Amino acid sequence: MTDNRVEEKVAVQSEESRSQSRRAFLKGSAAVAGGVLFTKAASADYDPKKAVAPYAGEKEITEPLQDGPWRKRLGFGVRRYPYGVPSPYEKDVQRRTLEWLTPDSMASITMTPIQSLHGIITPNGLHFERFHGGAADIDPKTHRLVIHGLVERPLIFTVDDLKRFPSISRIHFIECPANGAMEWKGVQLNSVQWTHGMMSCVEYTGVRLSDLLKEAGIKLDKARWIIPEGADASGMSRSIPLEIAMDDCFVAYAQNGEALRREQGYPIRLVVPGCEANMWVKYLRRIKVTDVPLQHREETSKYTELMPDGTAQRFSWYMEPNSVITYPSPDYRMQGPGKYYVRGLAWSGRGKVAHVDVSFDGGKNWHEAHFTSPVLDKAWTRFEIEWDWDGSEAFLMSRVTDETGYVQPPMPQMRAVEGTNNVYHRTAMVTWRVHAWDSKNGGLIENVQY
Ligand SMILES: Nc1nc2c(c(=O)[nH]1)N[C@H]1C(S)=C(S)[C@@H](COP(=O)(O)O)O[C@H]1N2
Ligand SMILES: [Mo]
């Protein structure tokens with residue numbers, strides 16, 4: 001069937017289903033006398049104090065809705081965007097960097113605008129970025145992945161070779177362990193993009209690392225570690241224990257249904273579910289199998305946690321359970337007292353999220369939120385809870401418990417144990433202060449510590 005014939009068939013089908021649903025609609029409306037019943041029922045339950053939209057009244061709406069220019073002329077056609085782009089009205093939804101954080105023109109960190117995301121999937125163009133040596137622009141035809149070291153048969157793969165292996169697709173969050181780092185000593189920034197935007201959650205497709213290691217004949221009696229290495233200017237390398245490598249790691253070539261973006265390591269990157277993003281080597285070109293860790297700079301002077309007594313913790317692979325309220329957040333202003341649905345994200349590097357509690361009074365009382373997304377392993381989970389805001393000052397907090405029973409701690413508790421020298425793994429709760437509606441800053445939302 002040609003493309004045109006397919007289109008015709010779709011058109012005929014939709015014409016049929018339109019007249020079907022029209023008949024169904026007419027039958028239904030006869031029974032309730034033109035829909036008047038619906039208006040009455042709604043008005044009986046209606047509480048204007050909890051309104052989110054003005055009530056049109058008992059009488060039918062006769063005023064025509066205003067016609068914009070888009071009603072009076074043809075819209076744009078299919079040839080305009082061979083690769084689609086968001087509505088221009090969404091132009092402020094961008095990943096951003098902080099001038100003082102990356103002052104050079106080659107910004108090395110951008111953060112995801114999680115205040116503007118819905119559900120659990122980050123669009124590819126809003127995925128956060130972290131480069132230790134700029135983004136590489138690699139030709140996939142010349143790219144190779146080498147597996148060597150403690151293996152029977154060292155192998156060289158092209159990207160096309162990798163696609164001949166069985167594939168898997170998994171949704172996982174990816175979080176830089178420096179996410180939230182700027183809040184260790186105290187509150188700094190009034191946006192959830194700055195406090196939590198060094199993470200994203202996407203669907204990856206690729207080939208299981210265990211399949212590739214077995215193909216190379218990994219010597220399981222001696223092998224204890226793998227050392228992945230990137231092809232970019234940073235020479236990114238990390239030591240990964242074999243148990244993690246053989247468990248659920250994979251080499252991804254796709255993200256959200258299309259090829260990886262260059263920013264995310266095109267043509268291939270390592271996916272290490274639940275573990276800190278620094279280990280997810282982009283532009284992957286080599287995996288060496290060894291019996292000892294590498295002691296690379298990225299696991300000694302960097303990506304280790306300096307404790308109050310001057311010693312450093314290292315190899316803190318897994319990201320702890322964490323959660324944050326994304327709406328309302330300091331990026332918004334309250335619209336007035338009334339009903340809101342408070343929403344946020346919860347995730348755990350150790351598995352599934354078990355439950356999320358939300359407090360409106362700075363942690364005195366807690367209420368269990370429900371999930372509005374699938375609850376997946378090592379993935380963002382979207383929570384939501386109803387809130388009748390009476391207009392008085394409020395302190396919003398969320399607290400996750402994961403399936404291992406770990407409960408997210410308050411910030412003072414985390415600081416008491418870990419001090420303030422540390423940069424990484426700041427995963428304690430945060431607090432959003434909602435200013436009273438009738439105060440000077442009425443409806444303002446502010447990042448505070450409580
Ligand atoms: N080759 C390579 N891999 C890399 C990096 C890098 O600079 N080069 N940065 C690491 C760090 S610190 C993080 S947080 C993640 C960021 O992944 P993203 O840019 O896809 O968000 O990639 C990791 N893998
Ligand atoms: Mo990172």
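Anything mentioned here points back to the structure above.
Read on for a plain summary of the structure. Note that the coordinates shown come from a computational prediction; the quantities given were computed from them, not determined experimentally.

## Details of the sheet that holds strand β23 (residues 445–448)
Inference 1: The five strands lie next to each other as β18-β17-β21-β22-β23, forming an open sheet whose pairing is antiparallel. In this open sheet, the two strands that pair with only one neighbour each are β18 (367–368) and β23.
Inference 2: The sheet contact formed by strand β22 (residues 431–434) and β23 spans four bridges and is antiparallel. Following the sheet pairing, Trp432 is matched in β23 by Asn447.

## Side note on the pattern of salt bridges
Inference 1: Scanning the model with the defined rule gives 17 salt bridges in all.
Inference 2: With its nearest N and O atoms 3.5 Å apart, the salt bridge here joins Asp137 to Arg262. With Asp137 in the loop between β2 (129–130) and β3 (145–149) and Arg262 in the loop between β10 (258–259) and β11 (269–271), the pair connects residues that are 125 residues apart, well separated along the chain.
Inference 3: Accessibility expressed as a relative area gives 45% for Arg262, which makes it partly exposed.
Inference 4: For Glu229, the salt bridge is made with Arg286, and the minimal N-O distance between the two is 3.1 Å.

## What about unusual backbone geometry?
Inference 1: The omega torsion across Tyr266 and Pro267 is 10°, close enough to zero to call that bond cis.
Inference 2: Here Pro267 shows up in the loop between β10 and β11.
Inference 3: The backbone of Tyr303 shows a phi angle near 55°, a positive value even though the residue is not glycine.
Inference 4: Checked against the element boundaries, Tyr303 lands in the loop between β12 (284–290) and β13 (305–306).
Inference 5: Although it is not a glycine, His425 adopts a positive phi angle of roughly 55°.
Inference 6: With respect to the helices and strands, the residue His425 is situated in the loop between α8 (411–418) and β22.

## As for the nonpolar core
Inference 1: Counting residues in each nonpolar core, the largest one holds 58 residues, and the members touching the most others are Leu209, Leu212, Ile226, Val251 and Val272.
Inference 2: With five residues, strand β9 (residues 250–255) is the single largest residue contributor to this core.
Inference 3: Val251 has contacts with Leu162, Thr205, Gly206, Val207, Leu209, Leu212, Ile268, Arg269, Leu270 and Leu284, leaving out every residue within four places of it along the chain.
Inference 4: If you look at the next biggest cluster of nonpolar residues, it comprises 35 residues, including Val353, Val358, Trp387 and Val400.

## Overview of the site of ligand 1
Inference 1: Lining the immediate environment of ligand 1, one finds 22 residues, of which Phe128, His132, Asp232, Arg269 and Lys282 sit closest.
Inference 2: Between ligand 1 and His127, the relevant distance is 3.5 Å, taken from an oxygen atom to a side-chain nitrogen or oxygen of the residue.
Inference 3: Backbone polar atom of Arg130 to an oxygen atom of ligand 1: 3.0 Å apart, as the coordinates give it.
Inference 4: Contact with the protein chains hides 100% of the accessible area of ligand 1, taken as 540 Å² for the molecule alone.
Inference 5: Assessed atom by atom at 2 Å from the grid points, ligand 1 resides in the largest cavity.
Inference 6: When grouped by side-chain class, the residues that make up the shell around ligand 1 number ten nonpolar, six polar and six charged.

Scoring rules and cut-offs
- Residues numbered from 1 in each chain as written.
- Chains lettered and ligands numbered in written order.
- Predicted model: local features only at pLDDT ≥ 70, side-chain atom pairs only at ≥ 80, totals over all residues.
- Heavy atoms only, no water.
- Pairing = 2+ DSSP bridges.
- Helix = DSSP H or I, 4+ residues; strand = E, 2+ residues; numbered from the N terminus.
- Salt bridge = Lys/Arg side-chain N within 4 Å of Asp/Glu carboxyl O.
- Buried < 20%, exposed > 50% of the residue type's maximum accessible area, 1.4 Å probe, protein only.
- Core = buried A, V, L, I, M, F, W, Y, C linked by side-chain atoms within 4.5 Å.
- Contact = heavy atoms within 4.5 Å.
- Near = heavy atom within 4 Å.
- Polar contact = N/O pair within 3.5 Å; in protein donor to acceptor, adjacent residues only side chain to side chain.
- Areas by Shrake-Rupley, 256 points an atom, 1.4 Å probe, with all protein chains shown as cover.
- 1 Å grid on protein atoms, 1.4 Å probe; cavity = no way out; pocket = protein on both sides within 12 Å on 5 of 7 lines; lining within 4 Å.
- Sits in = over half its atoms within 2 Å of the grid points.
- Nonpolar A, V, L, I, M, F, W, Y, C, P; charged D, E, K, R; others polar.

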